[in-house]
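# A structural walkthrough
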Amino acid sequence: MSYTEPTQDFDVIVVGGGPAGATVSAAVALHGHRVLLVEKETFPRYQIGESLLPSTVHGVCRILGVEEEMARAGFKPKRGGTFRWGRNRDPWQFSFALSPRLADPTSFAYQVERSRFDAILLDNARRVGVDVREGCRVTGVLADEERIRGVRWTGPDGEPREAAARYVVDASGNGSRIHPHVGGKRIYSDFFRNIAVFGYFAGGERLPAPNDGNIFCAAFDEGWLWYIPLRDDLTSVGAVVARENAEAVQRDPATAWRRLIDACPEVRGFLDGVPQATEAPYDQVRVRKDWSYWKSRLWRPGMALVGDAACFVDPVLSSGVHLATYGGLLAARSINSCLAGSADETRLFAEFEARYRHEYGLFHEFLVSFYDMHQDERSYFWKARKVTNVGTTELQAFVELVGGLASGDASLTGAGPAGERLTAAADDFERAVRRLPDADDLRNPLYESETFRQVFQEGTVLQERGLFGGPLESEAPLRPGGLVASEDGLAWVEPEP
C-alpha cells in the first residue's frame, strides 16, 4: 500500500483528544517530548459527563496549567452533591469540604459543558507543543513481536497514513478500535450493567444556595436520576435503569425519558413547566449503555490504555473525568520517566497499572456499597443490586481486579471476604449518612467514614500537589518497592528513605 506522506517519528502518539488524551499528551509535551494526537472528530464536540470532582479542577488542571482558564470560563461551581438515597427518604448533602465553616480553597469543582471543557484541555495541549490532528481516524497499530510501534490512520481527506512512536496511548473512549491489542476483551460487570437515557431542559429549579450548583441524584423504583445544573438556562437530566428496560428505552427514548422523570417526584417537581432544550446539541434525547468494565491489562510494551478505553464505572459519583485525567497523568509519568531513561520500563508501567487499577477499584468498591445502601425491597432494580445478590463470578473478578489493593487488605483473596467487605463498607457509609442531620458546623461525618475517606484519598493528594506543589505529608509508595510522583507531578521518582 502506498501512503501520501512518509512515516513520521514521534516520541508518543495519543489516540483521542478527550480529557484523558489531552491530559497525557500535554503532560508528556511539558517534558519536551514530541507528541502527535490524533482525534477523529473536530472540536468543539458534544460529550456526556458534565460533573467534575475537585481532583480534576485543582489537581490535574493546575498541573497542566489551565486552572485559571477554567475559573474564567464561567462554569457552575459545585460544592458537592445532594442525594435522595438510602433508608432516609429525606435528601442529604455530600460536601467536598471537611467542614461547612472551614472549607479549604479547593473544596469545590465545576459542572461543565463538556464541549467547552474538553476544548480548553485540547487547546492547552496544542499550546504546549502537541501536534494535534483533528478529523483523523486511527485504523490500526504498527507492531512486531516485541512491541507496538505506531499507528495507521486516515486524514480528513481519507488518504491512509502511518506514524511511528516509542509509545502509543489509546485514549479513544469506549468505542476504541485498538484497545484489544492490550489485555484482549473487556471484562464487564453484571452488577453495573445498566442503561442510561438522558437529555436537557432549558432551565429548572435549583437547590438553595450555596448548594445551587450541586448535582442532585435521586433513587426511585426503577433506578436513579441525575439532575445537573449547567447554566441558569440549561440542565442535564438522565435516568439510569436496568438493562431489561433497554428495548423500551431504545424504541422510543424521548417517551421513556419523560416517563422516568415523571416517576421521580423530586426531579419532576424541579422541572414543572420547564421546556425541553432546543439549542443544538442539547436538543436530543440520547441513550447509552451504562456498562461498567475493565481490562485484564492496561499496558504492554509500547502501548497503554487510559480513560474509557481502559475502564468505566457507574457515573453516580461523577468519577468519569477524574479517572480519565488521573489515568492520563499516570501514563504520562511512566512515559516521561521511560523517555528520560530513569528506570526500567516494566517497573515504570507496573506503577502506572497498579495505581490506575487501585483507583478504579476504590470507586468500584465504594459504588457497589453505595448501591447496597439503598433499601427498596419492592423494586427489582434495587433487589438485584444488593451485595448479597452479587454472583460469585462477579466477586471473583472484582478480587482479581483490585488484588486486595482497593481495601488495603492483602487477605482479600476470595469471593467470600470480598462480599463481607462490601457489606461492611455499605454499613459504614450508611452510619455516616445517618449522622449528617445531627452534625455541627465544624465536622463532616462523611469524612469520618473509612469507606468515604479511602475513595477520595488520591484525589486529595492531587489537590495538594496542585495547590502546594506536593502532598502535605510525605508520599508513601502504593506498594513495596513502588515509586512516588516527582515534584512537578509529571514523572516517577524513588521515595525518600
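Let me sum up the structure you'll find in this document. (Residues numbered from 1 in each chain as written. Predicted model: local features only at pLDDT ≥ 70, side-chain atom pairs only at ≥ 80, totals over all residues. Heavy atoms only, no water.)

### Details of the sheet that holds strand S5 (residues 92-95)
Heads up, the rule is: DSSP-based pairing: two strands are paired if at least 2 bridges between them are found. A run of DSSP states H or I qualifies as a helix once it reaches four residues; a run of E qualifies as a strand once it reaches two. Both are numbered from the N-terminal end. Only C-alpha atoms enter the line fits that serve as axes; for helices the fit covers just the stretch in contact. Angles between N-to-C directions range over 0 to 180 degrees. Here, two residues are considered to be in contact whenever any of their heavy atoms come within 4.5 Å of each other.
With respect to topology, seven strands assemble into an open sheet ordered S5-S4-S12-S13-S14-S11-S15, the strand pairing being mixed. Of all strands in the sheet, those bounded by a partner on one side alone are S5 and strand S15 (286-294). Sheet twist, expressed as the average angle between the axes of neighbouring strands with direction ignored, equals 25°. In the packing of helix H6 (residues 253-262) onto the sheet, contacts are made with strand S11 (187-201), strand S12 (215-220), strand S13 (223-231), strand S14 (234-242) and S15, and the angle to S11 comes to roughly 90°. Of the strands in this sheet, strand S4 (80-84), S5, S11, S13, S14 and S15 touch helix H9 (residues 345-373), which is tilted by about 75° from S11.

### Re the environment of Val 484
Put simply, the rule is: Using a 1.4 Å probe on the protein chains alone, a residue whose accessible area is under 20% of its type maximum counts as buried, one over 50% counts as exposed, and one in between counts as partly exposed.
Tracing the sequence through the fold places Val 484 in strand S18 (residues 484-485). Val 484 gets classed as buried once you look at its relative accessible area, which sits at 7%. Through-space distance from the C-alpha of Val 484 to that of Glu 494 is 6.2 Å; in sequence the pair is ten residues apart. Apart from the residues lying within four places of it in its own chain, the contact partners of Val 484 are Arg 355, Glu 475, Ala 476, Pro 477, Ala 491, Trp 492, Val 493, Glu 494 and Pro 495.

### Brief notes about the packing of helix H2 (residues 54-64) against helix H8 (residues 320-339)
Rules: The scheme is simple: roughly parallel for angles under 35 degrees, roughly antiparallel for over 145, roughly perpendicular for 65 to 115, oblique for anything else. Each crossing gets its handedness from the near helix: less than a right angle anticlockwise from the far helix is left-handed, clockwise is right-handed. For this classification, the nonpolar set comprises Ala, Val, Leu, Ile, Met, Phe, Trp, Tyr, Cys and Pro, the charged set comprises Asp, Glu, Lys and Arg, and every other residue, Gly included, is treated as polar.
Close contact between H2 and H8 brings their axes to 10 Å; oriented N to C, the two are set at 25°. Considering the angle they form, H2 stands roughly parallel to H8. The chirality of how H2 crosses H8 is left-handed. Where H2 abuts H8, its residues Ser 55, Thr 56, Val 60 and Ile 63 lie against Val 321, His 322, Thr 325 and Leu 329. Looking at the contact of H2 with H8, its residues break down into four nonpolar, four polar and no charged.

### Details of the pattern of salt bridges
We count it as follows: We define a salt bridge as a contact between a side-chain nitrogen of Lys or Arg and a carboxyl oxygen of Asp or Glu at a distance within 4 Å.
Applying the stated criterion to the full structure yields 34 salt bridges. Here Asp 157 makes a salt bridge to Arg 161, at a shortest N to O gap of 3.0 Å. For Glu 494, the salt bridge identified is with Arg 347, shortest N-O distance 2.6 Å. With a gap of 147 residues between them, Glu 494 in the segment after strand S19 (492-493) and Arg 347 in helix H9 connect regions that are remote in the sequence. Since its relative accessible area comes to 30%, Arg 347 is described here as partly exposed. One salt-bridge network, in which partners are shared between bridges, spans Glu 113, Arg 116, Arg 231, Asp 233 and Glu 279.

### A few points about the packing of helix H1 (residues 19-29) against helix H4 (residues 114-127)
Their axes nearest at 8 Å, the elements H1 and H4 cross at an angle of 20°. In terms of orientation, H1 lies roughly parallel with respect to H4. The way H1 lies across H4 gives a crossing that is left-handed. Listed contacts from H4 to Pro 19, Ala 22, Ser 25 and Ala 26 of H1 are Arg 114, Phe 117, Asp 118, Leu 121, Leu 122, Asn 124 and Ala 125.

### Concerning the nonpolar core
Nonpolar side chains tend to gather and get buried jointly when the protein is soluble and globular. To keep it simple, the criterion reads: Nonpolar core, defined: a set of buried Ala, Val, Leu, Ile, Met, Phe, Trp, Tyr and Cys residues in which side-chain atoms within 4.5 Å join the residues together.
Counting 131 residues, the largest nonpolar core has Met 70, Trp 85, Trp 92, Phe 352 and Tyr 371 as the members making the most contacts within it. For this core, the element with the highest residue contribution is H9, accounting for 13 residues. Ignoring anything within four residues of it in the chain, the contact list for Trp 85 reads Trp 92, Ala 219, Trp 224, Val 316, Phe 370, Tyr 371, Met 373, His 374 and Trp 382. By size, the runner-up hydrophobic cluster in this structure holds 24 residues, among which are Phe 220, Leu 225, Val 237 and Val 241.

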